[in-house]
Amino acid sequence: MSAPSHSDDNRLPQAAASDASLLAAHEALLGPPADDRANYRLMPLNLLFFFSGLIFFGGTYLGIYAGKFDPRVYNENGEPPAAGAPVAKVDPVEAGKKLYNNAACNTCHQTNGQGVPGVYPPLAGSEWVTGSEERLIRVVLYGLTGHIKVKGVDYPGVVPMPAFGKVPGSGFNWTDEKISHVLTYIRSDWGNNASPITTAQVTAVHDKEGDHKQPGGTTAFTEAELMKLP
């Protein structure tokens, strides 16, 4: 028996496929491309508008409530004083009290002026505070180093009194006016009853002593130096 012949005469030819049709078929299978929106996102644009609005609001607020950036203005709705307007008088005792409590003064000498026994001398009832104005001005303006006797008690001066005035090495650089205010305050509180000290008095001492540079770069006075003054 002879094997059946297999002829391709009756087979249907496969439909021809072009490159374009193949690419189209592949794209259909892969789905839309990841960059179909050119990687565009709305969130960065929203943030841009938000921060732009925030900057605009902040600038507008400062323009309205900054008091023209005048350092004398404390009321946010206030205006700087006009030229020639009278300047409000400062209460030296109140100003001195704020300086005393905001600086290192109350850390050592305490808010009650009693100091720390054996370490920091008291200001309340101290002969150094209520006595010679010349000595007291120099202590605060230039600082104090070494031991000192207050109310009959010796204080070793392990931690020297810093300079508060505008002198070399000062960490405070207070003006002569601020020095006068704090001295006036400590001479009138905690039972002390001494005359106020004016800015002119502090300035006179400052002009007389200059920088008062001592060996080692310090400006501080010693008790022995101060006792030579009236």
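Here, every reference points to the structure presented above.
Nothing here was measured: the structure is a model prediction, and the numbers come from that model.

Chemist: A description of the overall build of the protein chain should follow, citing residues and the corresponding values.
Modeler: Scanning the protein chain from N- to C-terminus turns up nine helices and two strands. The order of α-helices and β-strands along the protein chain, N terminus first, is α-α-α-α-α-α-β-β-α-α-α. Split by element, the accessible area of the protein chain, about 15700 Å² in all, is 60% carbon and sulfur.

Chemist: A description of the environment of lysine 97 should follow, citing residues and the corresponding values.
Modeler: Mapped onto the elements, lysine 97 comes out in helix H3 (residues 92–102). Spatially, the C-alpha atom of lysine 97 lies 9.5 Å from that of leucine 183, the residues being 86 residues apart in sequence.

Chemist: So what about the side chain of asparagine 106? Which residues, and what values?
Modeler: Following the sequence through the fold, asparagine 106 ends up in helix H4 (residues 105–109). In this structure the side chain of asparagine 106 is engaged in a polar contact, spanning 3.2 Å, whose partner is the backbone oxygen of asparagine 101. Among residues more than four places away in sequence, those in contact with asparagine 106 are Tyr100, Asn101 and Thr111.

Chemist: Before we move on, can you summarise the nonpolar core with the specific residues and values?
Modeler: By size, the foremost hydrophobic cluster in this structure holds 34 residues, and its most contacted members are Tyr100, Trp174, Ile179, Leu183 and Ile186. Top contributing element to this core by residue count: helix H6 (residues 133–142), with six residues. Aside from chain neighbours lying at most four places away, what touches isoleucine 186 is Tyr100, Leu123, Val129, Leu136 and Asn192.

Chemist: Can you tell me about the packing of aromatic side chains, naming the residues and giving the values?
Modeler: Taken as a whole and judged by the stated rule, the model has nine aromatic pairs. Centroid distance phenylalanine 164 to phenylalanine 172: 4.2 Å. Interplanar angle 20°. Geometry classified as stacked. Since its relative accessible area comes to 3%, phenylalanine 164 is described here as buried. For phenylalanine 172, a relative accessible area of 29% corresponds to the partly exposed category. Measuring from centroid to centroid gives 5.4 Å for tyrosine 185 and tryptophan 190, while their planes differ by 70°, and the two rings are edge-to-face. Residue tyrosine 185 is classed as buried on the basis of its relative accessible area of 4%. One aromatic cluster in this structure is built from Tyr100, Tyr185 and Trp190.

Chemist: I'd like a description of unusual backbone geometry, backed by residues and values.
Modeler: Generally, phi is negative for residues other than glycine and the peptide bonds are trans, each holding for most cases. In this structure, glutamine 110 is a non-glycine residue whose phi angle is positive, near 70°. Counting through the fold element by element, glutamine 110 comes out in the loop between H4 and helix H5 (127–130). A positive phi angle, near 60°, is found at tryptophan 190, a position not held by glycine. The residue tryptophan 190 is located in the loop between helix H7 (176–186) and helix H8 (199–209) in this model. For tryptophan 190, a relative accessible area of 18% translates into the label buried.

Chemist: A description of the pattern of salt bridges should follow, citing residues and the corresponding values.
Modeler: One pass over the structure, following the stated rule, counts three salt bridges. Arginine 187 is the salt-bridge partner of glutamate 133, the closest N and O atoms lying 3.4 Å from each other. Placement of the pair is glutamate 133 in helix H6 and arginine 187 in the loop between H7 and H8, with a sequence separation of 54 residues. Glutamate 209 serves as the salt-bridge partner of arginine 138, at 3.0 Å between the closest nitrogen and oxygen. Residue arginine 138 is found in helix H6, and its partner glutamate 209 is found in helix H8; the two are separated by 71 residues along the sequence. Linked through salt bridges whose partners overlap, the residues forming this network are Glu134, Arg138 and Glu209.

Chemist: Could you give an account of a nonpolar patch on the surface, naming the residues involved and the relevant values?
Modeler: Residues Met43, Leu47, Phe50, Phe51 and Leu54 make up a contiguous nonpolar surface patch of roughly 530 Å² in combined accessible area. Within the fold, phenylalanine 50 resides in helix H2 (residues 43–65).

Conventions we followed
- Residues numbered from 1 in each chain as written.
- Predicted model: local features only at pLDDT ≥ 70, side-chain atom pairs only at ≥ 80, totals over all residues.
- Heavy atoms only, no water.
- Helix = DSSP H or I, 4+ residues; strand = E, 2+ residues; numbered from the N terminus.
- Areas by Shrake-Rupley, 256 points an atom, 1.4 Å probe, with all protein chains shown as cover.
- Polar contact = N/O pair within 3.5 Å; in protein donor to acceptor, adjacent residues only side chain to side chain.
- Contact = heavy atoms within 4.5 Å.
- Core = buried A, V, L, I, M, F, W, Y, C linked by side-chain atoms within 4.5 Å.
- Buried < 20%, exposed > 50% of the residue type's maximum accessible area, 1.4 Å probe, protein only.
- Phe/Tyr/Trp six-rings, centres within 6.5 Å; stacked < 30°, edge-to-face > 60°.
- Salt bridge = Lys/Arg side-chain N within 4 Å of Asp/Glu carboxyl O.
- Patch = residues over 30% accessible without salt bridge, like charges linked within 9 Å, V, L, I, M, F, W, Y side chains within 5 Å.

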